[in-house]
Amino acid sequence: MSMLSALAHVQATESMQAVPLTAFRHRRLSSRPLVIIPLVMAGEAGAPLAAMVGSARRKGTLLVVAQPRNRDQRFAFAASLGRTVIDYIDSFRQGRRGGGGHSRYPDTPQILVPNHGGIKALADLGRMCRFRSTSGPHAVPDVVPEFGMWLTFLVDRAEQAGTSMLLPVTGILAEHWATGQSTLEDQNLASLMAWIAPPAGLSVEQAMADAENPDVCPPAGPATSPEFDNRDLAPAIKRFDTARTLGDLRALAAAESDLRELIAGQIQPTWRMTWEAIALLRSVPEAPRTIKRFERDCAAFTSYSDYRDSGGLPQRKRDTAIGAAQRLGWLERALAEFESDMAFDDPFVLADRRSAGEAFAGTVVEAEPSRTVTTASNRRVPRPRVTIRTQDPVRLAADTKLLSPSMPSGHKAVIVSVLPDGDATLVTVEVTGGMGRARVPARGSVPVPDQRIAYLPDPGWRPAPQFPGSDRTPWTHSATAGETGADPAAPEDAAAEEWGNED
Amino acid sequence: MKAPVDDRLDALRGSAKRLDYSARSLAALENNPRCTLRALLDASGSDKAAIAAHAGHPSPFGQSAFALARGNVFETMVKDNGCAELLRLLRETLQLTLPEVGYEDLNDIGGDGRAEVRHDRTKQVLLQAARGNGGGTLFDHPMLCLPVGGHKAFLEPDLVAFRIGGRFHVVEIKSFPIIDGQADPTQVRAATTQACAYIIALRNLLARVGIDKQAVSDTIVLVAPKDFTNRPTAAFVDARKQVAALSRQLARIERIGDLVDLLPEGLTFDLGLDKDKRARRPAEELAEALDQVPATYRPDCLNHCEMAFYCRSRARADSSLDVLGPAVREQFGGIDTTTMVLGLAQGRLTPTQDQVEMAAALRHAARLRAELNVLGGAE
Amino acid sequence: MSDPLDALEKSISSLRRAIRDASAAGDTERAGELRAQLRRAERAWDALIDADEPAATPARLEPTAVPAAQGAQLPAREHVHRALMLLGTPAAPKLIVGVHEAFFPGELSASKLSSLRRDEERSYRSSPGARPYYLCMALAHDLLTPVRALVTISTWALEQRIIGPLSPRVDFLTGAVHIAKAVHNSAQSTADGPSPAALRLLWRFAVNIPDALPRSAPGHEGALDPQQVIDAAEAELEVHADADRAVRTEAARRARKSLGDDQQLFGAPLQGVTRLRTARA
Ligand code: SF4
């Protein structure tokens, strides 16, 4: 965090309302996102309890697992949620553009969950489903492993900064607004919304208090509130179990509809609030460079989609050492690039980095526009130098490569020196690119005295990674046919089944 | 410990029954070691949850019956049939030898479940084992006892296994999963910290008869469900650092007298319970008493301490930067309140000698924000 | 706040307040959601008042009369007896139910079993010896007190019913041998072979015995070889048997000397550690 963002949080505390951290929205919002609110059962690993899913606020479908410990019900749930998600994904696998090996789908699916916990729940579900066998003694419907592999792809991809195929709504909101509370509390959707857009007629204070009161604001999941578990859910599941043991069909139907109603009551407020948050985010203009990252999403989506069509294997359980290192490299580069893009597009983010000394802006006080140097290949090239006077606490060193949002695109420069000048700083830079091919720099490609200009570090050019994440890794990097996810000495199925029936 | 300190602590607690330290509350020491309020509430055996509730800020914690049930079912399953699953794991991962299967059930002693009785028996069998004249390998729910601040805290590990590499090992059985070899680090950390209290207590027990602390390994054995199955798997967790940290915290408790000395005369957190156990003390009076003791709130308290909502509201009322969390706080090193931050940023306050630099940075940041406000932003 | 009625009343009042706020602001959707929550809380409150008991934990609904399936004509104690005879070792209710489901028809639940045990003791005390056998307790080798949760049969030798430090493992291995034999027999004698439940039970034993599973086979119950399980279990039994027998024999001798007939079946009275000290001295 920078001093500036920290100050924004302080200002939010003082004014009791959220303070914007950006001028733009740096995440693409699909015109047709699929919202999923997953709920899981407390204390169980990957035991889904329910999910509300749909691509429009008025069209949410509620799926409920009446007995989350039961293996068959669990996979029936995975199959129906899977069908919805796969149908949604399939609707983007059309209208491919471009030719040959470079053709791409023009759009990607976008799944939105309320918070990070929601992503974790989908990751668990993906892990649980992707190795399941569609034949043999514990066969699951075809859609289950397919769903698992897609979920894993999306979760992997979501780890990469700047992507937008799977996002937590709280994460996007917190990227764009500062609240007067901590990061921990910002993970609670209702608390966050209390600061940014409190329910009509409520003060922020009251909305914050309500947000932490599970009676008024049921938690956004994936865990339900313990009070709800003990008071409502446990007895309702018990009634369902009893009805099933007794084979009493009427009681069973009643218990099931009671459970649905109960869970609907818990999930509905989060559903509504998630869509409210999406509407709010839509009102923020999208940053120009978002489209560039979106195109990479399209490429990754197309490539994974083709991999699936070719019957590709499920992702490995764990990366190999080399794979993990590579992946870390990708993630770091993506992050650097995302941060740079945001600063380039957005004066708020730029200011943020300026306050941290990672970028600077000021007025040109001196310019040597006609300076040239002779390269090693004995060519004379223009290398103009300009000196900028800035009030910013510059922490960049000589030789840092720079970009500038205030110059025509392609402009490149490198720091020559950074010298203090009273309470200001003088930064001398050498312009190295964006001046055209001629011996004399093109008009407007070199800053002139009295011009206001901003510079930030160039994260470095590199080819866009073709297949980031484990979405399309070499065979050596993927699960082998023999490794089907079951411990050879311990049939996972047998254990899971037994687990399902015990109570 | 001096008697007067004990008297003062009893007075702090007032009429309520003393709550002893548990592995949980000892582990929580790790989370906010510098908090005086918490140290005093714990040392005096006060009921933090009841106090927070009566002061108008009931604690944020509840346990889901599902989580409890799952924990119990899993532990039972691991120990079923003569600890069959556990033996397999210990043999596979820790090279326990074939003859080492002796099992001692210390959940109750001839039907007597009292802590003292179980502790006596635990002491007896563990010492026998340590001296090499007892067949025990698996000690199921031994009852350990650790003096903390002059009071006995009874601690009950899930299981202690002996003679893996000639040493005692604390075995923690947890129901959070280890998926593809990885478990949630927060949960592992919590489990480890808790196990540290057992390690220290076990060492303490052996030390009393002159057995070196090396007899107890500072590596714990974590037994947890493998992936999404109900089958257990085991992993070693190195607890050395946390054992050292917790030992330091325990030593601090011994010096609780230093904290007590600073308290105003007559201070008490008594709830004024009537015969129906209803708190009768006026809530404002209780809050006033609490306010006299310094607390170092931080958002992480919300995960660990029953007093968290109370302390947060107090920190908010004080405009403390603590409310915003460490990431924000560390940007303003040396400044404590939002009022001070804004005062310096807007040039309304004159910085002290060592605030000069910070104030300049703040004014710069404030100027930047002012420029931006003209632009608008995501609104 | 531990009183659930208090907690509910608090919920109700905060919900009412939130409904007022939402309605005043014209937010009908939110108000509707909150009203549904309020109705539920009020119903829970009514239910608590009616029940007139502090239901801090959710009310337990035991499936009361489970309809008898075919083959369930035998009384429950017969089921238990049969399962224990197959196992040949003291066993916990859960295992007894497991063996029953694997090899015998009819319904038997663990909760049924715990009430059975009380009945047996009562019946014995009112007229000792009136039944050919009683379901009774296993005894701790040192205190001769009843061991938590283990069920045995009165016709067994006292040695078989004593639990020493090694006995849980010895009994587990012995049980494995007997289950493997039963699986083997049903493979020989019945048309469909052993039930899936029986194979699963055997598998659960086998995975926890060194070398009891075929090396190369994929993780599948069907691949189990009962004879291999028997051999493996007996190999490990060899390691523990003598030491275990010595403890059991000695304890049994002590029990015959110091305990009355009823105590030999249902255990010495629980006296805690004082007795233990003398017993060990
Ligand atoms: S919540 Fe309060 S009492 Fe508890 S540790 Fe934090 S500051 Fe201390």
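Cut-off values and rules
- Residues numbered from 1 in each chain as written.
- Chains lettered and ligands numbered in written order.
- Predicted model: local features only at pLDDT ≥ 70, side-chain atom pairs only at ≥ 80, totals over all residues.
- Heavy atoms only, no water.
- Helix = DSSP H or I, 4+ residues; strand = E, 2+ residues; numbered from the N terminus.
- Buried < 20%, exposed > 50% of the residue type's maximum accessible area, 1.4 Å probe, protein only.
- Contact = heavy atoms within 4.5 Å.
- Areas by Shrake-Rupley, 256 points an atom, 1.4 Å probe, with all protein chains shown as cover.
- Patch = residues over 30% accessible without salt bridge, like charges linked within 9 Å, V, L, I, M, F, W, Y side chains within 5 Å.
- Salt bridge = Lys/Arg side-chain N within 4 Å of Asp/Glu carboxyl O.
- Lys, Arg positive; Asp, Glu negative; His and termini not counted.
- Charge placed at Lys NZ, Arg CZ, Asp CG, Glu CD.
- Near = heavy atom within 4 Å.
- 1 Å grid on protein atoms, 1.4 Å probe; cavity = no way out; pocket = protein on both sides within 12 Å on 5 of 7 lines; lining within 4 Å.
- Sits in = over half its atoms within 2 Å of the grid points.
- Domains from an automatic or database assignment.
- Buried area = accessible area lost by both parts, 1.4 Å probe.
- Polar contact = N/O pair within 3.5 Å; in protein donor to acceptor, adjacent residues only side chain to side chain.
- Pairing = 2+ DSSP bridges.
- Axes fitted to C-alpha atoms, helices over the stretch in contact; angles between N-to-C directions.
- Nonpolar A, V, L, I, M, F, W, Y, C, P; charged D, E, K, R; others polar.
- Core = buried A, V, L, I, M, F, W, Y, C linked by side-chain atoms within 4.5 Å.
- Left-handed = near helix turned anticlockwise from the far one by under 90°.
- Phe/Tyr/Trp six-rings, centres within 6.5 Å; stacked < 30°, edge-to-face > 60°.
- Lys NZ or Arg CZ within 6 Å of the ring centre and 35° of its normal.
- Points joined across faces, edges and corners; volume = space filled by probe spheres on them.

**Q** Could you give me a rundown of the overall build of chain A, with the residues and numbers involved?
**A** Scanning chain A for helices and strands turns up 14 helices and 15 strands. A burial count over chain A gives 57% of its 503 residues as buried. Partitioning the contacts of chain A with sequence separation of at least 6, the portion at a separation of at least 24 is 71%. For chain A, the accessible area works out to roughly 20,100 Å², and carbon and sulfur atoms hold 53% of it.

**Q** Tell me what's going on with a negative patch on the surface, and back it up with residues and numbers.
**A** All names here are of chain C. Negative charge collects at one region of the surface, where Asp225, Asp231, Glu234 and Glu238 lie side by side. On the secondary structure map, Glu234 appears in helix α9 (residues 226-258). The exposure class of Glu234 is partly exposed, given its relative accessible area of 37%.

**Q** Before we move on, could you go through the site of the ligand and cite the residues and values that matter?
**A** All names here are of chain B. In the neighbourhood of the ligand, the contacting residues comprise Asn32, Cys35, Leu37, Arg38, Ala295, Thr296, Tyr297, Cys301, Cys305, Met307, Ala308 and Cys311. Structurally, the ligand is housed in the second largest cavity. When residues of the shell around the ligand are traced back to their parent elements, those giving at least two are α3 (36-43) and α12 (308-317).

**Q** An account of the domain arrangement of chain A is requested, with residue identities and associated values reported.
**A** All names here are of chain A. In terms of domain boundaries, chain A breaks down into domain 1 (3-315) and domain 2 (342-457). Between the C-alpha centres of domain 1 and domain 2 there is a distance of 44 Å. The interface is formed by 13 residues belonging to domain 1 together with ten residues belonging to domain 2. A buried area of about 990 Å², summed over both sides, lies between domain 1 and domain 2, and 58% of it is on carbon and sulfur atoms. The largest share of the area that domain 1 buries against domain 2 comes from Leu4, His26 and Arg289, three residues that together contribute 48% of it. Counting across the domain 1 and domain 2 interface gives one salt bridge. Where domain 1 packs against domain 2, one counts six residue pairs in polar contact (both at pLDDT 80 or more). Residue contributions to the side of domain 1 that touches domain 2 peak at three residues, all from helix α1 (residues 3-15).

**Q** Residues and numbers for the sheet that holds strand β1 (residues 135-140) of chain C, please.
**A** Consider a sheet: its strands pair through backbone hydrogen bonds, and that pairing is either parallel or antiparallel. Residues and elements named next belong to chain C. If you trace the three strands from one edge of the open sheet to the other, you get β2-β1-β3, paired in mixed fashion. One side of each edge strand has no neighbouring strand; the edge strands of this open sheet are β2 (146-153) and β3 (162-163). The pairing of β1 with β3 spans two bridges and is parallel. Residue pairing in the sheet places Leu139 in a bridge with Ile162 of β3.

**Q** Hey, could you go over the sheet that holds strand β3 (residues 48-54) of chain A for me, with residue numbers and the actual values?
**A** Residues and elements named next belong to chain A. Taken in spatial order, the five strands line up as β4-β3-β2-β5-β6 in an open sheet, and their pairing is mixed. Since the sheet does not close on itself, it has two edges, and those belong to β4 (61-64) and β6 (166-168), each with one partner. Sheet twist, expressed as the average angle between the axes of neighbouring strands with direction ignored, equals 20°. As defined by bridge partners, β3 adjoins β4 across four bridges and the pair is classed as antiparallel. In the sheet register, Met52 faces β4, and the bridge partner there is Leu62. Lying on the sheet, helix α2 (residues 71-90) is in contact with β2 (34-40), β3, β4 and β5 (111-113); it crosses β3 at an angle near 20°.

**Q** Let's hear about the interface of chain A and chain B: which residues, and what values?
**A** Facing 61 residues of chain A, the contacting portion of chain B comprises 55 residues. In total, about 4,900 Å² of surface goes out of reach between chain A and chain B, with carbon and sulfur atoms giving 66% of it. Across the contact surface, chain A and chain B share five salt bridges. Between A:Glu185 and B:Arg312 there is a salt bridge; the shortest N-O distance is 2.6 Å. Taken together, chain A and chain B are joined by twelve residue pairs in polar contact (both at pLDDT 80 or more). Secondary structure elements with two or more residues in the side of chain A that touches chain B: α1, β1 (19-20), α3 (116-130), α6 (183-186), α9 (226-246), α13 (347-355) and α14 (492-501) of chain A. Here the side of chain A that touches chain B gets ten residues from one element, more than from any other, and that element is α1(A). Within the side of chain A that touches chain B, the residues separate by chemical class into 30 nonpolar, 15 polar and 16 charged.

**Q** I'd like a rundown of the nonpolar core, residues and numbers included.
**A** With 80 residues, the main nonpolar core has B:Phe168, B:Phe269 and B:Met307 as its most contacted residues. The residues that make up this core include at least three from each of domain 1 (4-62 + 264-329) and domain 2 (65-250) of chain B. Excluding anything up to four places from it in sequence, B:Met307 contacts B:Leu37, B:Leu41, B:Lys48, B:Ile51, B:Ala52 and B:Leu290. Counting 54 residues, the second-largest nonpolar core is a separate cluster that includes A:Ala50, A:Ala190, A:Trp275 and A:Ile278.

**Q** Can you tell me about the packing of α2(A) against helix α4 (residues 143-158) of chain A, naming the residues and giving the values?
**A** Residues and elements named next belong to chain A. At their nearest, the axes of α2 and α4 sit 8 Å apart, and the two run at 60° to each other. Once α2 is placed against α4, the crossing between them reads as left-handed. Where α2 approaches α4, its residues Phe75, Ala78, Ala79, Leu81, Gly82, Arg83, Val85, Ile86 and Ile89 are matched on the opposing element by Val143, Val144, Glu146, Phe147, Trp150 and Leu154. Residues of the contact of α2 with α4, tallied by class, amount to twelve nonpolar, one polar and two charged.

**Q** Tell me what's going on with the packing of aromatic side chains, and back it up with residues and numbers.
**A** Under the counting rule described, the total for this entry stands at 13 aromatic pairs over all chains. Ring geometry for A:Tyr304 versus A:Tyr307: centroids 5.8 Å apart, planes at 40°, classification tilted. Here the residue A:Tyr304 and the residue A:Tyr307 both occupy positions in helix α11 (residues 290-309), the gap between them amounting to three residues, near one helical turn. When its relative accessible area of 0% is taken as the criterion, A:Tyr304 is described as buried. Assessed through its relative accessible area of 7%, A:Tyr307 is described here as buried. Ring geometry for B:Phe162 versus B:Phe168: centroids 4.1 Å apart, planes at 35°, classification tilted. For the residue pair B:Phe162 and B:Phe168, the accessibility class agrees, reading buried in each case. Following the ring pairs from residue to residue traces out a cluster consisting of A:Tyr105, A:Trp150, A:Phe153, A:Phe301, A:Tyr304 and A:Tyr307. Of note, A:Lys317 hangs over the ring of A:Phe131, and the distance from its end group to the ring centre comes to 5.8 Å. For the cation-ring pair, C:Arg77 lies above C:Tyr133, with the distance from its terminal atom to the ring centre recorded as 4.4 Å.

**Q** Lay out the side chain of A:Asp229 with the relevant residues and their values.
**A** Counting through the fold element by element, A:Asp229 comes out in helix α9. Despite its burial, A:Asp229 pairs with no opposite charge, the nearest such side chain being A:Arg69 at 9.3 Å. Setting aside residues no more than four positions away along its own chain, A:Asp229 makes contact with A:Ala42, A:Thr224, A:Ala234, A:Pro235, B:Ser64 and B:Phe66.

**Q** Summarise empty space enclosed by the protein; cite the residues concerned and give the values.
**A** Leftover empty space is mapped by rolling, across the atoms, a probe with the size of a water molecule. Residue and element names in this part refer to chain B. In the structure shown here, the tally under the stated rule is six cavities of 30 Å³ or more. The volume enclosed by the second largest cavity comes to roughly 140 Å³. The wall of the second largest cavity is formed by 17 residues, among which Asn32, Cys35, Arg38, Cys301 and Cys305 lie closest to the centre. When residues of the lining of the second largest cavity are traced back to their parent elements, those giving at least two are α3, α11 (301-304) and α12. The biggest single contributor to the lining of the second largest cavity is α3, with three residues. Taken together, the residues of the lining of the second largest cavity sort by class into eleven nonpolar, four polar and two charged.

**Q** Hey, could you go over the domain arrangement of chain B for me, with residue numbers and the actual values?
**A** Many authors give the size of an interface as the accessible area that is lost as the parts come together. According to the domain assignment, chain B consists of domain 1 (4-62 + 264-329), domain 2 (65-250) and domain 3 (332-378). Here domain 2 of chain B and domain 3 of chain B have C-alpha centroids that lie 53 Å from each other.

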